[in-house]
Amino acid sequence: MTVAVVEAYAGLARRVLAGPARLGRTRLVAVDGPSGAGKSVFATRLADAVAALPGGGRPPVVRTDDLLDGWDDQLTFWPRLEEWVLAPVRAGRPGGYRRYSWVRRTFLDRPVPVPAGPVLIVEGVSAARAQVRPELTLSVFVTAPAGLRLARALVRDGAEILPELRRWHAGERAHFAADGTEPAADVVVDGAPDLPHDPARYYVRRCAPAASAGGLGGWPR
């Protein structure tokens, strides 16, 4: 049986800052999970919580959707992320990436800077893949029911993407199964929780019963 626990973003942010830096001098956080689960919102709120801590500063959030060269680049974008972002930050230098325009179907010329600071958050499908786990300070897997995720994506992007979206969902299911992403995650987040909470300050963590007594943030901290 899975237990749901309400925890504070502030507590998780403190855990990140107290954790070891494994990407050079930077603490790398990966927010992974299937499309439509709520990864983007979670990553933004965690970045807000880090920024609110003394000396935290707002960490950059790199969204892997911005690095995809179209629908067929679902998992093969990683060398681009490594070259443009992870390698320079690992070396203590600022990185930068060119954002893909899904309208123009090309990468834009103007780079998005990524400073080599205390924390870097990478959000997107396969962000916590096995390849990068040794360098992660924290891995998060956000999940939600498939029907709800599909509905969210269609509201966001329109019904015309349905054929591509179904293919995308099949690809991510195969990847997560082969990669063992969710079992390896430090925190599994319920992206469609029933528990009452303030979503701007708290999230709902899914855990085994034995792990629910301690917690990272707790309610109502």
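So, here's what we can say about the structure. For clarity, every value in this text was computed on a predicted model and none was experimentally measured.

Check the secondary structure of the protein chain and you find 6 helices and 9 strands. By the compact-globule yardstick of 17 Å for 221 residues, the protein chain fits well, its C-alpha radius of gyration being 17 Å. In the protein chain, which comprises 221 residues, the proportion classed as buried is 49%. The contacts of the protein chain with a sequence gap of at least 6 include a subset with a gap of at least 24, amounting to 72%.

Now for the layout of surface pockets. Think of a ball as big as a water molecule: rolled over the atoms, this probe shows where empty space is left. Roughly 990 Å³ of volume is contained in the largest pocket. Along the wall of the largest pocket there are 40 residues; nearest its centre are S35, G36, S40, D65 and R156. Mapped by element, the contributors of at least two residues to the lining of the largest pocket are α2 (39-52), α4 (146-157), α5 (162-179), β8 (187-190) and β9 (202-207). In terms of residue count, the dominant contributor to the lining of the largest pocket is α2 (5 residues). Of the residues belonging to the lining of the largest pocket, the class tally is 20 nonpolar, 9 polar and 11 charged.

To continue, consider the sheet that holds β8. Read from one edge to the other, the open sheet built from 7 strands follows the order β1-β9-β8-β7-β2-β6-β3, with strand pairing classed as mixed. Each edge of the open sheet is held by one strand with a lone partner, namely β1 (3-8) and β3 (61-63). Neighbour-to-neighbour, the strand axes of the sheet open up by a mean angle of 30°, direction not taken into account. In this structure, strand β2 (residues 27-32) lies alongside strand β6 (residues 119-123), joined through 5 bridges in parallel fashion. Looking across to β6, one finds that R27 is bridged to V119.

Attention now goes to the pattern of salt bridges. The tally for this structure, following the rule as stated, stands at 11 salt bridges. Connected via shared salt-bridge partners are D72, E164 and R167.

In the contact formed by helix α1 (residues 9-18) and α2, the axes pass within 8 Å of each other and the chain directions differ by 70°. Judged on the interaxial angle alone, α2 and α1 are roughly perpendicular. Residues Y9, A10, L12, A13 and L17 of α1 pack against F42, R45, L46, A49 and V50 of α2. Residue composition of the contact of α1 with α2, grouped by class: 9 nonpolar, no polar and 1 charged.

What counts, and at which threshold
Residues numbered from 1 in each chain as written. Predicted model: local features only at pLDDT ≥ 70, side-chain atom pairs only at ≥ 80, totals over all residues. Heavy atoms only, no water. Helix = DSSP H or I, 4+ residues; strand = E, 2+ residues; numbered from the N terminus. Rg over C-alpha atoms; globule rule 2.2 N^0.38 Å. Buried < 20%, exposed > 50% of the residue type's maximum accessible area, 1.4 Å probe, protein only. Contact = heavy atoms within 4.5 Å. 1 Å grid on protein atoms, 1.4 Å probe; cavity = no way out; pocket = protein on both sides within 12 Å on 5 of 7 lines; lining within 4 Å. Points joined across faces, edges and corners; volume = space filled by probe spheres on them. Nonpolar A, V, L, I, M, F, W, Y, C, P; charged D, E, K, R; others polar. Pairing = 2+ DSSP bridges. Axes fitted to C-alpha atoms, helices over the stretch in contact; angles between N-to-C directions. Salt bridge = Lys/Arg side-chain N within 4 Å of Asp/Glu carboxyl O. Parallel < 35°, antiparallel > 145°, perpendicular 65-115°, else oblique.

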